[in-house]
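Here is how the chains run, residue by residue.
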Amino acid sequence: MNKSITTNMPVASSLPKVEHPTVEALRMFLRNPSAIVGLVLLFFVLAIAIAGPWVFPADPFEIRTAPLTPPFSEDAWLGSDYLGRDVLTTLIYGGRATLMVGGVAATLSVIIGITLGAFAGYYGGRVDAVLMRITEFFQVLPALLFAMVVVTLFSPTLITVTIAIGIVSWTGTARLTRAEFLKFRGLEFVRAERAIGARDARIIWKVILPNALPPLIVSATLAVGAAILFEAGLSFLGLGDPNQMSWGLMIGSSRQYVLSCWWAVTFPGLAIFVTVLAVSLIGDGLNDALNPKLRER
């Protein structure tokens, strides 16, 4: 007697579901409370700097009230400086210049650092030796002093300040990129690309660099905060653009009146502190999310 037994039971897979690395990193980032706080703070600062001039259309250099008006006055919510300029207006308009310098200068330093570090780490030998000697030369120079020299030699405009900050702050990114390229250039997938005849440009920019991006993204995030502090330092020393209001210029122009007009120094200082803190928290969150070893903890 023949019996045919058919089973229509579904076969359940016992393999765990594997998430895409980007999705997993984003999930880890959103689960980090400090990173979320930094993201909210940075969004708040950017929203005020971008939308503020449309909400409060005014000239930040205009004399609007009596000098040294204290905060929470009817004519000036955050007081006025020694010339009678409204601190709230200068704070809103100054955020644009400060954030723009920080973002552009950080981008410039990251581009220089990644380019030189990638060539040094990929080619090695004499190329590595020459590029690392150049990196060490810039690294031993006092960065702020070198930026001051560059700004002094040329006119102290916003473009000059941005370029000066960018060309003195790329060494850390270059060394980090070199280390990542030294780690990846001998791996199997890179050798496979060479075996099929891929050019060096493709291997550098489309094969190795995408795999080396996680620590470089963190470095780029922290470079923004460093560039903001650089701009504030140069403006505090009187080497900023006098025709562009910035937080550093606010502090520098009122430093002689810090005892009688503390609010003109305190509020832009708090703005710089909050912005740099937000960028640092985001950088730490990205480091935890993009680093596989930290992700497993």
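So, here is what we can say about the structure in this document. Nothing here was measured: the structure is a model prediction, and the numbers come from that model.

What counts, and where the lines are drawn
Residues numbered from 1 in each chain as written. Predicted model: local features only at pLDDT ≥ 70, side-chain atom pairs only at ≥ 80, totals over all residues. Heavy atoms only, no water. Helix = DSSP H or I, 4+ residues; strand = E, 2+ residues; numbered from the N terminus. Buried < 20%, exposed > 50% of the residue type's maximum accessible area, 1.4 Å probe, protein only. Lys, Arg positive; Asp, Glu negative; His and termini not counted. Salt bridge = Lys/Arg side-chain N within 4 Å of Asp/Glu carboxyl O. Contact = heavy atoms within 4.5 Å. Polar contact = N/O pair within 3.5 Å; in protein donor to acceptor, adjacent residues only side chain to side chain. Phe/Tyr/Trp six-rings, centres within 6.5 Å; stacked < 30°, edge-to-face > 60°. Lys NZ or Arg CZ within 6 Å of the ring centre and 35° of its normal.

### As for the side chain of Glu231
One can find Glu231 in helix α9 (residues 200-236). Put simply, Glu231 is tucked away with no salt bridge, and the nearest opposite charge, on Arg255, sits 12 Å away. Residues contacting Glu231, with those up to four places away along its chain left out, are Thr98, Val101, Val161, Ile165, Ser246 and Gly248.

### Topic: the pattern of salt bridges
Enumeration according to the criterion identifies seven salt bridges in this entry. Between Asp81 and Arg85 there is a salt bridge, with the nearest N and O atoms lying 2.7 Å from each other. A salt bridge links Arg202 to Glu193; the shortest N-O distance between them is 3.4 Å. Arg202 sits in the partly exposed class, given a relative accessible area of 40%. For Glu193, a relative accessible area of 16% corresponds to the buried category.

### Structural notes on the environment of Arg175
Turning to its location among the elements, Arg175 is positioned in helix α7 (residues 171-184). Among the polar contacts made by the side chain of Arg175, one reaches the side chain of Glu136 at a distance of 3.4 Å.

### Section: the packing of aromatic side chains
Considering all chains together, one arrives at eleven aromatic pairs under this definition. Taken together, a centroid distance of 4.6 Å and an interplanar angle of 10° make the contact between Tyr82 and Tyr257 stacked. Remark: Tyr257 occurs in the loop between α10 (247-253) and α11 (263-290) and Tyr82 occurs in the loop between α2 (33-55) and α3 (87-123); sequence separation between them is 175 residues. By relative accessible area, which is 30% here, Tyr257 ends up partly exposed. Between Tyr122 and Tyr123 the ring centres are 5.0 Å apart and the planes differ by 85°, which places this aromatic pair in the edge-to-face class. Judged by its relative accessible area of 7%, Tyr122 falls in the buried class. Over the ring of Phe236 we find Arg255; its NZ or CZ atom is 5.4 Å from the centre of that ring.

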